[in-house]
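Report on the structure
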Amino acid sequence: DAGVTQSPTHLIKTRGQQVTLRCSPKSGHDTVSWYQQALGQGPQFIFQYYEEEERQRGNFPDRFSGHQFPNYSSELNVNALLLGDSALYLCASSLDYRATGNTIYFGEGSWLTVV
Amino acid sequence: GENVEQHPSTLSVQEGDSAVIKCTYSDSASNYFPWYKQELGKGPQLIIDIRSNVGEKKDQRIAVTLNKTAKHFSLHITETQPEDSAVYFCAAREDSGAGSYQLTFGKGTKLSVIP
């Protein structure tokens, strides 16, 4: 059973560029959340997708956007990259909040460096 | 919103000793408290979790306790081994009531187990 898979694992972008990160949730999971983890910090919630819609959003600007596909996979897009966007971007998968025994699993992340 | 405080930020123990990490949370509506272990360059790995209807949970050398009244929860690792060395994060899940939820993380504890 594959866990949460993310791609790419590492990438380098220039300020002002755009980036797309991808995530496939754990088999059977229908809810995908994205988190940003700066060096030496805990992950911070960006947004959550369920049934192809953004259901909740954290304190991140509109430059951060996402999408969920019918197969539950998801993309995170960041436009107009800033140096401060350099971080580990984590995808988390889970069942819908109404499911019992809900547990949240993380992928290995995508390391983004903005130069 | 939820706020999670985690202590200590660093912890060194001798192999075989016990390690305790403590977290407090602010939102009494939070009902799920997972602990994650993060090794260098990897994503967070769930090691144990506890729900608000349970006071204590144990899994081999790892245990978690929850005090809802005081709004704090703790991770206990007994008989520590060098492979336990990592950064540990506590988190609290806040149900927004709108059919969504997010994890709020502490800042992490770097545990070093000295052989």
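In the block above lies the structure referred to throughout.
Quick summary incoming for the structure in this document. Please read these numbers as outputs of a predicted model, since none were measured by experiment. (Residues numbered from 1 in each chain as written. Chains lettered and ligands numbered in written order. Predicted model: local features only at pLDDT ≥ 70, side-chain atom pairs only at ≥ 80, totals over all residues. Heavy atoms only, no water.)

**Examining the packing of aromatic side chains**
Each aromatic ring pair is summarised here by two numbers: the centre-to-centre distance and the angle between the ring planes. Per the stated rule, a full pass over the model turns up 14 aromatic pairs over all chains. Centre to centre, the rings of tyrosine 25 of chain B and phenylalanine 33 of chain B are 4.7 Å apart; their planes meet at 40°, and the pair counts as tilted. (Phe/Tyr/Trp six-rings, centres within 6.5 Å; stacked < 30°, edge-to-face > 60°.)

**Observations concerning the environment of isoleucine 114 of chain B**
All names here are of chain B. The topology assignment puts isoleucine 114 in strand S11 (residues 109-114). Residue classification places isoleucine 114 among the partly exposed residues on the basis of a relative accessible area of 38%. Setting aside its immediate chain neighbours within four residues, isoleucine 114 contacts Ser12, Val13, Gln14 and Glu15. (Helix = DSSP H or I, 4+ residues; strand = E, 2+ residues; numbered from the N terminus. Buried < 20%, exposed > 50% of the residue type's maximum accessible area, 1.4 Å probe, protein only. Contact = heavy atoms within 4.5 Å.)

**Considerations on the pairing of strand S6 (residues 56-59) of chain B**
Residue and element names in this part refer to chain B. Where S6 and strand S7 (residues 62-67) come together, four bridges link them in antiparallel fashion. Counterpart to aspartate 59 in the pairing with S7 is isoleucine 62. Taking the residues that link successive antiparallel strands as the turn, the S6-S7 hairpin has two residues, and the phi of glutamine 60 there is positive, at about 55°. (Pairing = 2+ DSSP bridges.)

**Focus: the environment of proline 43 of chain A**
Inspection of the secondary structure puts proline 43 of chain A in the loop between strand S4 (31-37) and strand S5 (44-50). Taking the C-alpha atoms as reference, proline 43 of chain A lies 8.6 Å from leucine 88 of chain A; in sequence the two are 45 residues apart.

**Quick notes on the pattern of salt bridges**
Residues and elements named next belong to chain A. Counted by the stated rule, this structure contains six salt bridges over all chains. Across the pair glutamate 75 and arginine 22 runs a salt bridge, and its minimum N-O distance is 3.5 Å. Taken as a pair, glutamate 75 in strand S8 (residues 74-78) and arginine 22 in strand S3 (residues 19-24) lie far apart in primary sequence, 53 residues in all. On the basis of relative accessible area, glutamate 75 is assigned to the buried category, the value being 18%. Owing to a relative accessible area of 41%, arginine 22 belongs among the partly exposed residues under this scheme. (Salt bridge = Lys/Arg side-chain N within 4 Å of Asp/Glu carboxyl O.)

**Overview of the state of the cysteines**
Overall, the coordinates contain two disulfides over all chains when judged by the stated rule. Across the disulfide, cysteine 23 of chain A is cross-linked to cysteine 91 of chain A (sulfur-sulfur distance 1.8 Å). On the S-S bond that ties cysteine 23 of chain A to cysteine 91 of chain A, the torsion sits near -65°, and the link is left-handed. Placement of the pair is cysteine 23 of chain A in strand S3 and cysteine 91 of chain A in strand S9 (residues 87-94), with a sequence separation of 68 residues. Assigned by exposure class, cysteine 23 of chain A and cysteine 91 of chain A land together as buried. The disulfide partner of cysteine 23 of chain B is cysteine 90 of chain B, and the gap between their sulfur atoms is 1.9 Å. Taking the sign of the S-S torsion, about -100° here, the bridge from cysteine 23 of chain B to cysteine 90 of chain B comes out left-handed. In this pair, cysteine 23 of chain B is assigned in strand S3 (residues 19-25) and cysteine 90 of chain B in strand S9 (residues 86-95), connecting sequence segments 67 residues apart. Exposure remark for cysteine 23 of chain B: the relative accessible area of 1% places this residue in the buried category. (Disulfide = S-S within 2.5 Å.)

**Looking at the sheet that holds S3 of chain B**
All names here are of chain B. Ordered in space as S1-S3-S8-S7-S6, the five strands form an open sheet in which the pairing is antiparallel. Each edge of the sheet is formed by a strand with only one pairing partner; in this case those strands are strand S1 (4-7) and S6. In this sheet, adjacent strand axes meet at a mean angle of 15° when their direction is disregarded. In the sheet, S1 pairs with S3 via four bridges, with the strands oriented antiparallel. In the strand pairing of S3, glutamate 5 is matched with threonine 24. (Axes fitted to C-alpha atoms, helices over the stretch in contact; angles between N-to-C directions.)

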